[in-house]
Amino acid sequence: YVVEGVDVAVFRSRSGEIFAIENSCPHRQGPLAEGIIDEQHVVCPLHGHKFNLATGEGLEKGECVRTFKAWEKDKNIFIQYTSA
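Description of the structure in this document. (Residues numbered from 1 in each chain as written. Predicted model: local features only at pLDDT ≥ 70, side-chain atom pairs only at ≥ 80, totals over all residues. Heavy atoms only, no water.)

Brief notes about the overall build of the protein
Step number 1: Counting its regular elements, the protein contains zero helices and eight strands.
Step number 2: Listed by position from the N terminus, the elements making up the protein come as β-β-β-β-β-β-β-β.
Step number 3: In summary, the protein has a C-alpha radius of gyration of 12 Å against a globular reference of 12 Å for 84 residues, a match within 12%.
Step number 4: Seen through its C-alpha atoms, the protein measures out along the principal axes to roughly 35 × 30 × 20 Å.
Step number 5: The buried share of the protein, taken over its 84 residues, is 33%.
Step number 6: By sequence separation, contacts in the protein at least 24 residues apart represent 30% of the contacts at least 6 residues apart. (Helix = DSSP H or I, 4+ residues; strand = E, 2+ residues; numbered from the N terminus. Rg over C-alpha atoms; globule rule 2.2 N^0.38 Å. Buried < 20%, exposed > 50% of the residue type's maximum accessible area, 1.4 Å probe, protein only. Contact = heavy atoms within 4.5 Å.)

Rendered as C-alpha cells:
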C-alpha cells in the first residue's frame, strides 16, 4: 500500500497477527512485501537480511525499517500511519 507517498508492506502471520512495515529495505531498497515471513521476521528478497516485524530492527547493527500499528476490525485492515 502507498500511504502519503510511503510504501507500506502489510503481513499476516500464521497465527493471524497483522504487521505493517516500511516496504523498502534500507540496504538495497528491496521490496520487503515480496519477502518470506515467519512468526517474527521478514527476509528481504534481494539479499536475505531479516527484519523484525514488530520492531523493524534488522539483524545488522543500525539497520531498521519503520513499523506502523496495524489491526483488523470487521474484516478490514487498518494502519495507524505517523509521518517520520
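Anyway, onward from the coordinates.
Points about the sheet that holds strand 6 (residues 50-52)
Step number 1: Pairing is antiparallel across the open sheet formed by three strands, whose spatial order is 4-5-6. The open sheet is flanked by strand 4 (36-37) and strand 6, the only strands paired with a single partner.
Step number 2: Looking at chain direction, strand 5 (residues 41-43) and strand 6 are connected through three bridges and run antiparallel. By the bridge assignment for strand 6, Val 42 is matched with Phe 51. (Pairing = 2+ DSSP bridges.)

Observations concerning the side chain of His 49
Step number 1: Note on placement: His 49 falls in the loop between strand 5 and strand 6.
Step number 2: Judged by its relative accessible area of 17%, His 49 falls in the buried class.
Step number 3: Only 3.3 Å separates the side chain of His 49 from the side chain of His 47, close enough to count as a polar contact.
Step number 4: Those residues within four positions of His 49 in sequence are excluded, and the remaining contacts are His 27, Val 42, Val 43, Cys 44, Glu 60 and Glu 63. (Polar contact = N/O pair within 3.5 Å; in protein donor to acceptor, adjacent residues only side chain to side chain.)

Points about the nonpolar core
Step number 1: Counting residues in hydrophobic clusters, the biggest one holds eleven residues: Ala 9, Phe 11, Phe 19, Ile 21, Cys 25, Leu 32, Val 42, Cys 44, Phe 51, Leu 53 and Val 65.
Step number 2: Counting residues per element, the ones that place at least two in this core are strand 2 (6-12) and strand 3 (18-22).
Step number 3: If we ignore the near neighbours within four places in the chain, the residues touching Leu 32 are Phe 11, Ile 21, Glu 22, Asn 23, Ser 24, Cys 25, Val 42, Cys 44, Pro 45, Phe 51 and Val 65.
Step number 4: Among the nonpolar cores identified, the runner-up in size contains seven residues, and Val 6, Val 8, Phe 68 and Tyr 81 belong to it. (Core = buried A, V, L, I, M, F, W, Y, C linked by side-chain atoms within 4.5 Å.)

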